[in-house]
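So the chains spell out like this:
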Amino acid sequence: MRITCIPIVITLALSLIQANVATKNLPRGVAPSRAKLYTPDTKGQWTCLDGSKTIAFTAVNDDYCDCPDGSDEPGTSACGTGYFHCSNIGHTPAYIKTSRLNDGVCDPECCDGSDEFDGHIHCPNVCEQVGAASRKEREKLEKIHKEGNKIRKEYIAFGQTSKKRLKEQLDKLQAASSSVKQAAADTKATLDAANAKLKDYLESTKLEREAARELQLAPLIEQQTQRLDHANKINTLFRTTLDDLKETHNKNFHDMAVKSTISGYDEYLEELKKQEEDKNNSSNKEEKEKERSALERMHAVQDATYDVKKDIGLMFQLIKEMKEKYNTEYNDEAVLKAIKVLDEFAPTWEDSSNDFVGEEFIEIPDEDAGDKKEEAKPEEKGALGEVYNRLLKGASRIGLGFLFKGSKVNKSEVEIAQEAYNKASEEKRKSLEEIQKLEKKVNTDYGPDEAFAKLVDQCIEFKEIEYTYTLCLFSEAKQKSNSDTSLGTFSSWVGDNYDTQLYTGGARCWNGPERSVKVMMACGTENKIVAVSEPSKCEYLYKMETPALCHDLSEDAKNDSNSNLHDAVYPGKKNRDEL
Ligand code: MAN
């Protein structure tokens, strides 16, 4: 709908002219502007306005309905379907349905009282007062409109400058993005080449490096194996102790503590058996052993030590629980023997400074750790020492210093390439993100003249008894009480008038749809929400005012002469009898 205003002066002048034009013969209820339609032909005949019938002109307003469209009775209620024109001199002319004539009610639309003329009641002519009040209201609205329109013009200027600036920024970023992309691609290629080189190097020196690792880890494997052996011995001691207890304890005593330890031990044996079976099914042990690298073997010995220690812990605990609860009066020798083993072992087990217990794992050094020298120590100058020195030189040459951190090469080619690639791809990511953000802003519809750009991310709120409703324009609407409920994010404009927005995809309503908001806007001197309702469950309606909708009235008047000022302020609202 085009928004418009017919200035007050023109309205008044029109009313006067219409009144003057009215002729004596103009039937009651016909607007002077329609006088031509109510002229008899030369034979005194007249045709219904829908063309359906010709009747004598004297039958117009004879209180008998002749025309199907009711046009022959504009000034009586005989048809009831036509329209009666009240001149309302001093205010604005209006139409009412003819069914409301002489019905004993003074219709407010006919402020001149002309709708009740049969003498049953008297309707005073209040057009002067009503007209004055209406003109005052119009003036007030016009003032708001003028003020709002000034702000709107600023909004437009802002929106247009901002759009231009955003477009320029976007162009710049887009132009720069190709070199950012290229840099990311180039650094990726360099990284791939460095990785390929590293892979080749690692492949070609595999045997030598393994030999060097062997040399490095051999003493540690040996050390860890000794710990495993030691752990195995303790494990065997506990197994034998518990086997003996199981065999030789006095079954006649039925000591519950002893029984519970033995059944715990049986469960443990059962579990152990299962694990052994799984292990045997899953691999050919010897084959695997042969293929394993020094590091894998080191891990295997460490894992085995850990497992054995866990088993010892379990058996230790079983005997300990028995010790705490067994019946001392029985003096069962088998039980006492098991407790003796426990007591002897307890200090070792519970003292974490013991090197087997506390440090069953020996930390495995990096492949290159401890090589803080360019050459092998004189005592390493056997065959492996030479291998090491050759590797060191080869690695330095291609920049694979990380293999030998202590050497003169601080950073490897791969590390350098990786850092460059990380930096370039981060720049590429940032640039694309920035472009996307700008594109979103540039492509958002802020109205044909960009007036709404000023409202982006402006947040306004409306407090009512239970909730505070908020709206961040072009962003999100919320309903707040103890917590925030999203009512939806900006989705689109509704229609072509740029006065209604839709926010969708809010928090789902219990047993219902996702919450959504329709924002209906009208002209006002500031951005504010003036009413919030929930016409249907979880579908909200915000009414807001904004200067962005205070259009230039004179411009609008040119475009749409049928609208009035009220429409300009609250577009879409119609008089019920409007024709
Ligand atoms: C909350 C509010 C109301 C809504 C109900 C639906 O109480 O969001 O507006 O009608 O949930 O269950």
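Because the structure is predicted, anything quoted here is derived from the model rather than measured. (Residues numbered from 1 in each chain as written. Predicted model: local features only at pLDDT ≥ 70, side-chain atom pairs only at ≥ 80, totals over all residues. Heavy atoms only, no water.)

S.K.: Teacher, can you tell me more about the site of the ligand here?
M.R.: For the ligand, the full set of nearby residues is Tyr-467, Gln-479, Cys-509, Arg-515, Glu-534, Lys-537, Cys-538 and Tyr-540. At 3.0 Å, a side-chain N or O of Arg-515 approaches an oxygen atom of the ligand. Tyr-540 is positioned such that a nitrogen or oxygen atom in its side chain is 2.7 Å from an oxygen atom of the ligand. Its residues placed into classes, the shell around the ligand shows four nonpolar, one polar and three charged. (Near = heavy atom within 4 Å. Polar contact = N/O pair within 3.5 Å; in protein donor to acceptor, adjacent residues only side chain to side chain. Nonpolar A, V, L, I, M, F, W, Y, C, P; charged D, E, K, R; others polar.)

S.K.: Is there a simple way to think about the sheet that holds strand S9 (residues 500-505) in this case?
M.R.: Sheets are built from strands that pair by backbone hydrogen bonding, the pairs being arranged parallel or antiparallel. Strand order across the open sheet formed by eight strands is S5-S6-S7-S8-S9-S10-S12-S11, with mixed pairing between neighbours. Looking at the sheet topology across the chains shown, the edges are occupied by strand S5 (459-463) and strand S11 (528-536). Sheet twist, expressed as the mean angle between neighbouring strand axes with direction ignored, is 25°. Pairing of strand S6 (residues 468-472) with strand S7 (residues 476-480) involves five bridges; the strand directions are antiparallel. Looking at S7, one finds that Thr-470 is bridged to Lys-478. (Pairing = 2+ DSSP bridges. Helix = DSSP H or I, 4+ residues; strand = E, 2+ residues; numbered from the N terminus. Axes fitted to C-alpha atoms, helices over the stretch in contact; angles between N-to-C directions.)

S.K.: Would you explain the pairing of strand S10 (residues 516-523) in this entry?
M.R.: Residues in a regular strand project their side chains so that they alternate between the two faces of the sheet. Within S10, six of the eight residues are buried, which leaves it mostly tucked inside the rest of the structure. Judged from the four bridges that link them, S9 and S10 form a sheet pairing that is antiparallel. Across the sheet, Thr-500 pairs through a bridge with Met-520, a residue of S10. Sheet analysis places S10 next to strand S12 (residues 539-546), joined by eight bridges and oriented parallel. Paired with Ala-522 across the bridge in S12 is Glu-545. (Buried < 20%, exposed > 50% of the residue type's maximum accessible area, 1.4 Å probe, protein only.)

S.K.: How do you make sense of the side chain of Thr-546 when you look at a structure like this?
M.R.: With respect to the helices and strands, Thr-546 occurs in strand S12. A residue is classified by how much of its surface remains accessible, and Thr-546, at 0% relative accessible area, is buried. Engagement of the side chain of Thr-546 in a polar contact is seen with the backbone nitrogen of Ala-548, the distance being 3.0 Å. Sequence-distant contacts of Thr-546, that is, excluding residues within four places in its chain, are made with Tyr-155, Phe-452, Leu-455, Met-521, Ala-522, Cys-523, Gly-524, Glu-526 and Asn-527. (Contact = heavy atoms within 4.5 Å.)

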